[in-house]
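Survey of secondary and tertiary structure
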Amino acid sequence: MTLLASAHICAAQPAAVSGVVRDSAGTAQLGVLVQLLTPDATVVGRAFTDIRGHYLVSNILPGSYRVQATVALFAPALKPNVTLRAGARTVVNLTMTTLFDSTSWLPAERRKADEPSDDWTWTLRSAANRPILRMVGDDGDLVMVSSSATESHQPSVRGRAAFTSNDGEFGGGGIHNVLTMDRREQDGSNVVLRADTGTGRVQNGIAPSTTLAAGYERQMGFASTTRTVASFQSHPELIGAGGTAGMQASELASAQRMKLGDLVDVEAGGVVYAVHTAGYALSAQPFLRVMVEPTPGWIFGYRMATSREMQSYSGMDEVQPETPVAATVAGKIRLERGRHQEVLVARRLGHGEVQLALYKDALESVALAGVGDVGAADLGALSAVANTGGVSDALTGSFRMLTAGYQAEGVNMRLTQPLTSTASVAVEYSTGRALSGNGAVTSLADTMKGLKLMKGQSAAVALKGSVPGTGTKIRAVYRWQPHNLLTAVDPYREFGDQAFLSVHLRQPFRWEGVLPPGLEASVDITNLLAQGYQPFLSADGQTLYLAQSPRVLQAGLSINF
């Protein structure tokens, strides 16, 4: 029997496995260790990727194996049940996810109001331009495809048209038509153009906002990538002190991500605002992020940010800019700004991660949110309150106030863990300080005078997942903090401006021959339970409300082409 088995093995032709390893942005990864393992985890072959991300493991006995890719600063990518046939080469391409991108569903920045269009983020766009990279579904760490399909670098163009309606979103009310065009060039760079034009719900001759944006991304060598986004916003619906109507804002954002060997990941960049309303204001807000993994599974980092909208390279995933809060304070136009610094340590636990961060904030100008029709008399009365100003949205009946800043420090702890192959959970806890009202129902000016700084705590539980076989995507987060606090505890953290229950649903419609392909519906609700509202009286005696996170409802239809 031994001789027969030996003769059979010698007669079998060897098999091989090859492919390309890229990161989630589509960039080929050099020096990734790719291992071929038997079901009992015995390593039978290994190879390192070249400068184009290619690897080849040959002279392998036919059978069933696992393909695993590992490299510093990335979560391992694994493809189980790979069958190698005698005399054939099987192609297995893998997509590596960084330790921080792997939990990007609880992102380092505030969730953008247009997140229903998250398939158009740069993080996912390279995969979208090569649909074969997503064959295994939304968890999509790796796929098996033909080599001819993945190695094609022909220019490609994709588009998305969306029709959305917003209720309660500051600077985004009314009905909007959004067109996004995404072109991938032959050299691997990406160009994105986005136009958002508001229509309908014109009140008193005031039209909704319009936004134009253009983004560009390219690779600078094999270890560096840059992004640039330029945008222009027009908000005729915003009204400032003295009845000044309209605001225009230009924004130029840029960021660069660099890998220094296998140990250090550096991200640096910033955003420059130019805002025109009753006057002009310029603001430059940089960021820096450094992560080091000295030993496998342990990560140490430092992060500095001056804008809550732009804190990392992934903060530019969306080409739609946030509406800046610009108000007249002491006769000058002022924007929300501050400085956040933190040091952190993280530890991988299987497929999950636990992180501890110590932070310190020096906030120069803090924005408060509210709902209700704030009139010119109320905005004018704020001029008597030191370091305070406001701006009102005539379409949505919402407003923003700028007030004096403060300093705070605290601790943030976060645990992320996959629940199933298509669902994940994150739990977060923070300590710090926030502004609180005096509890009395008074005028807006008196309410702003009565603001006080209080210690506080916040906790969040977030779920993200998809329903297998339906294409349904669900994301829900409940972020609690005391209802009397008007600003966020640890505002530069995940969902820092989104207290209480928020839900996002996204559903593709597939009905061949009846509905066009690529049709999707989405619903996004912030503060579903309408918690944390604090009343005050307007100049004409109406009851209005301040809220750390006012309720916002966004719904729409989109089609990909």
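Being a predicted model, the structure only gives us computed values, none of them experimental.

Looking only at helices and strands, the protein chain features 5 helices and 33 strands. In the protein chain, which comprises 561 residues, the share counted as buried stands at 53%. In the form shown here, the protein chain has an accessible surface area of approximately 23,500 Å², with 60% of it arising from carbon and sulfur atoms.

The next subject is the environment of P468. Relative to the helices and strands, P468 is located in the loop between β27 (452–467) and β28 (472–480). Its relative accessible area of 63% is what places P468 among the exposed residues. Taking the C-alpha atoms as reference points, P468 and T422, separated by 46 residues in sequence, lie 7.6 Å from one another.

Below, the discussion takes up unusual backbone geometry. A negative phi angle characterises most non-glycine residues, just as the trans form characterises most peptide bonds. One non-glycine residue, N81, lies in positive phi territory at about 55°. For N81, a relative accessible area of 63% gives the class exposed. With phi around 65°, F500 is a residue other than glycine that occupies positive phi space. Given the relative accessible area of 2%, F500 is considered buried.

One pass over the full model with this rule turns up 3 aromatic pairs. Their ring planes at 85° and their centres at 6.0 Å tell us that F399 and F536 sit as a pair that is edge-to-face. Residue F399 is located in strand β25 (residues 398–420), and its partner F536 is located in strand β31 (residues 533–537); the two are separated by 137 residues in the primary sequence. In this pair, the class of F399 matches that of F536, namely buried. A ring pair is formed by Y533 and Y545, whose centres lie 6.0 Å apart and whose planes are at 90°; its orientation type is edge-to-face.

Take the nonpolar core next. Within the largest apolar cluster, 43 residues are counted, with the highest numbers of intra-cluster contacts made by V275, L368, V374, M401, L444 and M448. In this structure V275 touches M247, Q248, A249, Y280, A281, P324, A326 and L335, once residues within four positions along its chain are discounted. Counting 21 residues, the second largest nonpolar core, distinct from the first, contains L36, V57, A69 and V92.

Let's shift gears to the side chain of E293. Considering the arrangement of structural elements, one finds E293 in strand β18 (residues 280–295). A distance of 2.8 Å separates a polar atom in the side chain of E293 from the backbone nitrogen of G297.

This structure, assessed with the given rule, holds 16 salt bridges. Here R227 makes a salt bridge to E217, at a shortest N to O gap of 2.7 Å. Here the residue R227 occupies a position in strand β15 (residues 224–239), and E217 occupies one in strand β14 (residues 210–219), the gap between them amounting to 10 residues. With respect to burial, R227 and E217 carry one shared label: buried. Here E293 and R348 are joined by a salt bridge, their closest N and O atoms 3.0 Å apart. Here E293, found in strand β18, pairs with R348, found in strand β22 (residues 337–349); they are 55 residues apart in sequence, far enough to count as distant.

Relative to strand β21 (residues 332–335), strand β20 (residues 326–329) runs antiparallel, the two being bridged by 4 bridges. Along β21, the bridge assignment pairs A327 with R334.

The next thing to look at is the environment of S430. Looking at where S430 falls in the secondary structure, it is placed in strand β26 (residues 423–436). Between the alpha carbons of S430 and L358 there is a distance of 9.8 Å; along the sequence they are 72 residues apart. Those residues in contact with S430, other than ones at most four positions away along the chain, are V411, N412, G456, Q457, S458, V489, D490 and R493. Within the structure, S430 has its side chain in polar contact with the side chain of D490 (distance 3.2 Å).

To continue, consider the sheet that holds strand β2 (residues 33–37). Strand order in the open sheet made by the 4 strands is β3-β2-β5-β7, with antiparallel pairing throughout. Strands at the two margins of the open sheet, each flanked by one partner only, are β3 (43–48) and β7 (77–84). Taken pair by pair, the neighbouring strands of this sheet meet at an average axis angle of 20°, ignoring direction. With 6 bridges connecting them, strand β5 (residues 63–70) and β7 associate as antiparallel partners. Directly across from A69, in β7, lies its bridge partner A77.

Reading predicted coordinates in detail is not appropriate for stretches of low pLDDT. Per-residue confidence for the protein chain averages 82 on the pLDDT scale, and 85% of its residues sit at or above 70. Strand β19 (residues 298–305) holds the highest mean pLDDT among the elements of the protein chain, 96, whereas helix α2 (residues 122–129) holds the lowest, 30. The model gives residues 1–11 a pLDDT under 50, and that stretch makes 1 contact with residues more than four places away or in other chains. The model gives residues 99–153 a pLDDT under 50, and that stretch makes 180 contacts with residues more than four places away or in other chains.

Within the secondary structure, Q355 is located in strand β23 (residues 352–371). Overall, the relative accessible area of 6% leaves Q355 in the buried class. Residues in contact with Q355, not counting those within four places in the same chain, are L344, V345, A346, N412, M413, R414 and R493.

Looking now at a nonpolar patch on the surface. A cluster of nonpolar residues, L349, V354, L415, V427 and V461, forms a patch on the protein surface that exposes about 370 Å² of accessible area. Note on placement: V427 falls in strand β26.

As defined by bridge partners, strand β16 (residues 245–260) adjoins strand β17 (residues 264–276) across 13 bridges and the pair is classed as antiparallel. Across the sheet, A253 pairs through a bridge with V271, a residue of β17. In this structure, the hairpin formed by β16 and β17 is closed by a connection of 3 residues, where G261 is found at a positive phi of approximately 70°. Pairing between β17 and β18: 13 bridges, direction antiparallel. From the neighbouring strand, G269 faces β18, where its bridge partner is F287. Where β17 folds back onto β18 in an antiparallel hairpin, the turn is made up of 3 residues.

Here is what the cut-offs are and how they apply
Residues numbered from 1 in each chain as written. Predicted model: local features only at pLDDT ≥ 70, side-chain atom pairs only at ≥ 80, totals over all residues. Heavy atoms only, no water. Helix = DSSP H or I, 4+ residues; strand = E, 2+ residues; numbered from the N terminus. Buried < 20%, exposed > 50% of the residue type's maximum accessible area, 1.4 Å probe, protein only. Areas by Shrake-Rupley, 256 points an atom, 1.4 Å probe, with all protein chains shown as cover. Phe/Tyr/Trp six-rings, centres within 6.5 Å; stacked < 30°, edge-to-face > 60°. Core = buried A, V, L, I, M, F, W, Y, C linked by side-chain atoms within 4.5 Å. Contact = heavy atoms within 4.5 Å. Polar contact = N/O pair within 3.5 Å; in protein donor to acceptor, adjacent residues only side chain to side chain. Salt bridge = Lys/Arg side-chain N within 4 Å of Asp/Glu carboxyl O. Pairing = 2+ DSSP bridges. Axes fitted to C-alpha atoms, helices over the stretch in contact; angles between N-to-C directions. pLDDT = per-residue confidence, 0-100. Patch = residues over 30% accessible without salt bridge, like charges linked within 9 Å, V, L, I, M, F, W, Y side chains within 5 Å.

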